[in-house]
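# A structural walkthrough
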Amino acid sequence: MISRLPREYILLTPEEVSKKFGVNRKTLARWARDGRLPAIKTPGGQYRFEEYVVEGLLGRPVPL
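Residues numbered from 1 in each chain as written. Predicted model: local features only at pLDDT ≥ 70, side-chain atom pairs only at ≥ 80, totals over all residues. Heavy atoms only, no water.

This paragraph deals with the sheet that holds strand 2 (residues 40–41). Sheet architecture is open: three strands sit in the order 1-3-2, paired in antiparallel fashion. Lying at the two open borders of the sheet, with one neighbouring strand each, are strand 1 (11–12) and strand 2. The pairing of strand 2 with strand 3 (residues 47–50) spans two bridges and is classified as antiparallel. Opposite Lys-41, over in strand 3, you have Tyr-47 as the bridge partner. (Pairing = 2+ DSSP bridges. Helix = DSSP H or I, 4+ residues; strand = E, 2+ residues; numbered from the N terminus.)

On to the packing of aromatic side chains. With the rule as written, the count across this model stands at two aromatic pairs. Here the aromatic rings of Phe-21 and Trp-31 are separated by 5.8 Å at their centres, their planes lie at 90°, and the arrangement is edge-to-face. Of the two residues, Phe-21 is situated in helix 1 (residues 14–21) and Trp-31 in helix 2 (residues 25–34); the sequence distance between them amounts to ten residues. The partly exposed category is assigned to Phe-21, whose relative accessible area is 24%. (Phe/Tyr/Trp six-rings, centres within 6.5 Å; stacked < 30°, edge-to-face > 60°. Buried < 20%, exposed > 50% of the residue type's maximum accessible area, 1.4 Å probe, protein only.)

So, on to the nonpolar core. Core analysis: the biggest nonpolar cluster contains nine residues, these being Leu-12, Val-17, Leu-28, Ala-29, Ala-32, Leu-37, Tyr-47, Phe-49 and Val-54. Within the residue set of this core, elements represented by two or more residues are helix 2 and strand 3. Counting residues per element, this core draws most heavily on helix 2, at three residues. Residues in contact with Val-17, not counting those within four places in the same chain, are Leu-12, Leu-28, Leu-37, Phe-49 and Val-54. (Core = buried A, V, L, I, M, F, W, Y, C linked by side-chain atoms within 4.5 Å. Contact = heavy atoms within 4.5 Å.)

Take the pattern of salt bridges next. Following the criterion strictly, the structure yields four salt bridges and no others. One salt bridge connects Glu-15 with Lys-19, and the closest N-O pair in it is separated by 3.6 Å. A residue pair is termed a helical-turn pair when its members lie 3 or 4 positions apart in one helix, as Glu-15 and Lys-19 do in helix 1 at four residues. Its relative accessible area of 42% is what places Glu-15 among the partly exposed residues. You can call Lys-19 exposed: its relative accessible area is 64%. In this structure, Glu-55 and Arg-60 form a salt bridge, with 2.8 Å as the shortest nitrogen-oxygen distance. On the basis of relative accessibility, which here comes to 7%, the residue Glu-55 falls in the buried class. Put simply, Lys-20, Glu-55 and Arg-60 are held in one network by salt bridges that share partners. (Salt bridge = Lys/Arg side-chain N within 4 Å of Asp/Glu carboxyl O.)

Here it is as structure tokens:
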């Protein structure tokens, strides 16, 4: 049986989020650095974005 992670643990890549917002990945990095888009920075320096935050900002709340 495959269990799904709770929505608050699902992380999206910059590529996935850039498609949702219709902006360039560099724009997302700038938003993350400026604090306009909450992000998690991996040890390798890559940004990851929580799915429920992204969907909420787009007006599509995801049930937790």
